[in-house]
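Each chain, letter by letter, is given below.
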Amino acid sequence: MSVATLWSTPVHTALLTCGDVSQLAADPDSLARYLPPGHPGRDLPWTSRAEKWDGGFHAALRHGTGAWCALVVLDALVGDASGASGAVILHDPRAGAANVALPGLPWGRPITVPTVPGTLVLVPGWLAWQIAPVHVGEHRTVLTADSG
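On a predicted model such as this, the values are computed, not experimentally measured, just so you know.

## Quick word on the sheet that holds strand β6 (residues 88-91)
And then number 1: Read from one edge of the open sheet, 4 strands run β4-β9-β6-β7, paired in antiparallel fashion. Each edge of the open sheet is held by one strand with a lone partner, namely β4 (59-62) and β7 (111-113). When strand polarity is set aside, the average angle formed by the axes of neighbouring strands in this sheet is 20°.
And then number 2: As paired strands, β6 and strand β9 (residues 128-131) are joined by 4 bridges and run antiparallel to one another. Note on β9: the bridge partner recorded for leucine 90 is tryptophan 129.

## Things to note about the packing of aromatic side chains
For any pair of aromatic rings, the description rests on two quantities: the centre-to-centre distance and the angle between the ring planes.
And then number 1: According to the stated counting rule, one finds 1 aromatic pair in the structure shown.
And then number 2: Their ring planes at 15° and their centres at 5.8 Å tell us that tryptophan 53 and phenylalanine 57 sit as a pair that is stacked.
And then number 3: Given the relative accessible area of 26%, phenylalanine 57 is considered partly exposed.

## Looking at the nonpolar core
And then number 1: One finds Trp53, Leu71, Val88, Leu90, Val121, Val123 and Trp129 to be the most contacted residues of the largest nonpolar core, which totals 17 residues.
And then number 2: Every element with two or more residues in this core is listed here: β5 (68-77), β6, β7, β8 (119-124) and β9.
And then number 3: Here this core gets 3 residues from one element, more than from any other, and that element is β5.
And then number 4: Ignoring any residue separated from it by four or fewer positions in sequence, one finds valine 88 in contact with Trp53, Leu71, Ile111, Thr112, Val113, Thr115, Trp129 and Gln130.
And then number 5: Core analysis: the next-biggest nonpolar cluster, separate from the first, contains 15 residues, Leu24, Trp68, Leu143 and Ala145 among them.

## Some remarks on a nonpolar patch on the surface
And then number 1: On the surface, Leu15, Val78 and Val116 cluster together into a nonpolar patch covering about 230 Å² of accessible area.
And then number 2: You can see leucine 15 is positioned in strand β2 (residues 11-15).
And then number 3: A residue is classified by how much of its surface remains accessible, and leucine 15, at 52% relative accessible area, is exposed.

## With respect to the pairing of strand β10 (residues 139-147)
And then number 1: Taking burial as the measure, the 9 residues of β10 include 8 buried ones, the bulk of the element.
And then number 2: Here 9 bridges tie strand β3 (residues 46-54) to β10, and the two strands are oriented antiparallel to one another. The partner of glutamate 51 across the bridge, within β10, is valine 142.
And then number 3: In the sheet, β5 pairs with β10 via 8 bridges, with the strands oriented antiparallel. Residue pairing in the sheet places alanine 70 in a bridge with alanine 145 of β10.

Parameters and conventions
- Residues numbered from 1 in each chain as written.
- Predicted model: local features only at pLDDT ≥ 70, side-chain atom pairs only at ≥ 80, totals over all residues.
- Heavy atoms only, no water.
- Pairing = 2+ DSSP bridges.
- Helix = DSSP H or I, 4+ residues; strand = E, 2+ residues; numbered from the N terminus.
- Axes fitted to C-alpha atoms, helices over the stretch in contact; angles between N-to-C directions.
- Phe/Tyr/Trp six-rings, centres within 6.5 Å; stacked < 30°, edge-to-face > 60°.
- Buried < 20%, exposed > 50% of the residue type's maximum accessible area, 1.4 Å probe, protein only.
- Core = buried A, V, L, I, M, F, W, Y, C linked by side-chain atoms within 4.5 Å.
- Contact = heavy atoms within 4.5 Å.
- Patch = residues over 30% accessible without salt bridge, like charges linked within 9 Å, V, L, I, M, F, W, Y side chains within 5 Å.
- Areas by Shrake-Rupley, 256 points an atom, 1.4 Å probe, with all protein chains shown as cover.
- Salt bridge = Lys/Arg side-chain N within 4 Å of Asp/Glu carboxyl O.

Here's what the structure looks like:
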């Protein structure tokens, strides 16, 4: 598993193996072991639920209910090569964030994460995110989890 840290805000993304995804589906409390070393979410309790995102599903801005929020794509029928269908789009909700878009720097710009099987997205609970519309004929099964 390779974890990428995005922005200066601690946003982590990774592409998990099939075995890791199966482990999380069977035991969502094991999420902590997939967090980067030293991550404060490793010592917190997690609650989770599975969501089915069928064709036509989308969601406006959401936030986690705990200190940290994680999304894990358990399975997906994906036909959109661009990655836009069902993508998780991260937005920095802090005042003025949209006014800080500087050439070569990521701040002030949304980050789009395609939702292919095994995708892990971990963000602070206060970070805003949305789900782009899922194309008809596609679906995603996603584990959403919030830390205590």
